[in-house]
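One-letter residues, chain by chain:
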Amino acid sequence: MHIDGIDKIILKNLMEDARAPILSIAREVGISGAAIHQRLRKLEKSGLIVGSKFVVNPKVLGFKTLAFVGIFLDAASTYKEALKRLKEIDEVIESHYTTGNYAIFVKILCKDNEHLMQVLNKQIQGIKGVSRTETFISLDQQIDRQLKI
């Protein structure tokens, strides 16, 4: 897909602040607000923009432990059922089917280490087909960004 300089300015503004006023972006690029809306519809229709969302700070809600868990499966045939069960665990916020040592790599948010231990021992390790897990607790996140446009 080709995006021109105006599209890049629109995207950079909205990626930085999704609530940026359309008219202020329009003034910056020198086109009408309606033209900005048309371009945004075009970018959405192309699949480049897949939505907008508010980001909740989990620490404010008491979720202070972020962990990544590598999940080993007994057999590849258990993947679909394991994934179905992982989707039922609210603390699992991302899941990736990977190459390498783990069949599945998940990102988990918990209130503390005790909560993490309960999620691991009582939920994830109880899933049929999960042979073992390997957990990495994040101490700090230094980079959090989208792809540069």
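Residues numbered from 1 in each chain as written. Predicted model: local features only at pLDDT ≥ 70, side-chain atom pairs only at ≥ 80, totals over all residues. Heavy atoms only, no water.

Under the annotation held in an unreviewed UniProt entry, the protein chain carries the name Winged helix-turn-helix transcriptional regulator and is attributed to Aureibaculum marinum.

Asker: Help me out: how do you make sense of the packing of helix 2 (residues 22–29) against helix 3 (residues 33–46) in this one?
Answerer: For any two helices packed against each other, one specifies the crossing angle of their axes together with the interaxial distance. Direction vectors running N to C along helix 2 and helix 3 enclose 100°, while the axes themselves pass 8 Å from each other. It follows from the interaxial angle that helix 2 and helix 3 lie roughly perpendicular. Between helix 2 and helix 3, the residues in contact are Ile22, Leu23, Ile25, Ala26 and Val29 and Gly33, Ile36, His37 and Leu40, respectively. Split into classes, the residues belonging to the contact of helix 2 with helix 3 amount to seven nonpolar, two polar and no charged. (Axes fitted to C-alpha atoms, helices over the stretch in contact; angles between N-to-C directions. Helix = DSSP H or I, 4+ residues; strand = E, 2+ residues; numbered from the N terminus. Parallel < 35°, antiparallel > 145°, perpendicular 65-115°, else oblique. Contact = heavy atoms within 4.5 Å. Nonpolar A, V, L, I, M, F, W, Y, C, P; charged D, E, K, R; others polar.)

Asker: I tried to follow helix 4 (residues 79–87) on my own but got confused; where do I start?
Answerer: Three or four residues apart is the spacing at which side chains of an α-helix point the same way, because the helix has 3.6 residues per turn. By the burial criterion, the buried members of helix 4 are Tyr79, Ala82, Leu83 and Leu86. Down the axis of helix 4, the buried set is contained in an arc of 100°. They therefore lie on one face. (Buried < 20%, exposed > 50% of the residue type's maximum accessible area, 1.4 Å probe, protein only. Arc of directions from axis to C-beta.)

Asker: What am I meant to see in the domain arrangement of the protein chain here?
Answerer: For the protein chain, the domain assignment lists domain 1 (5–46) and domain 2 (58–138). Summarising the inter-unit geometry, the C-alpha centres of domain 1 and domain 2 are found 38 Å apart. (Domains from an automatic or database assignment.)

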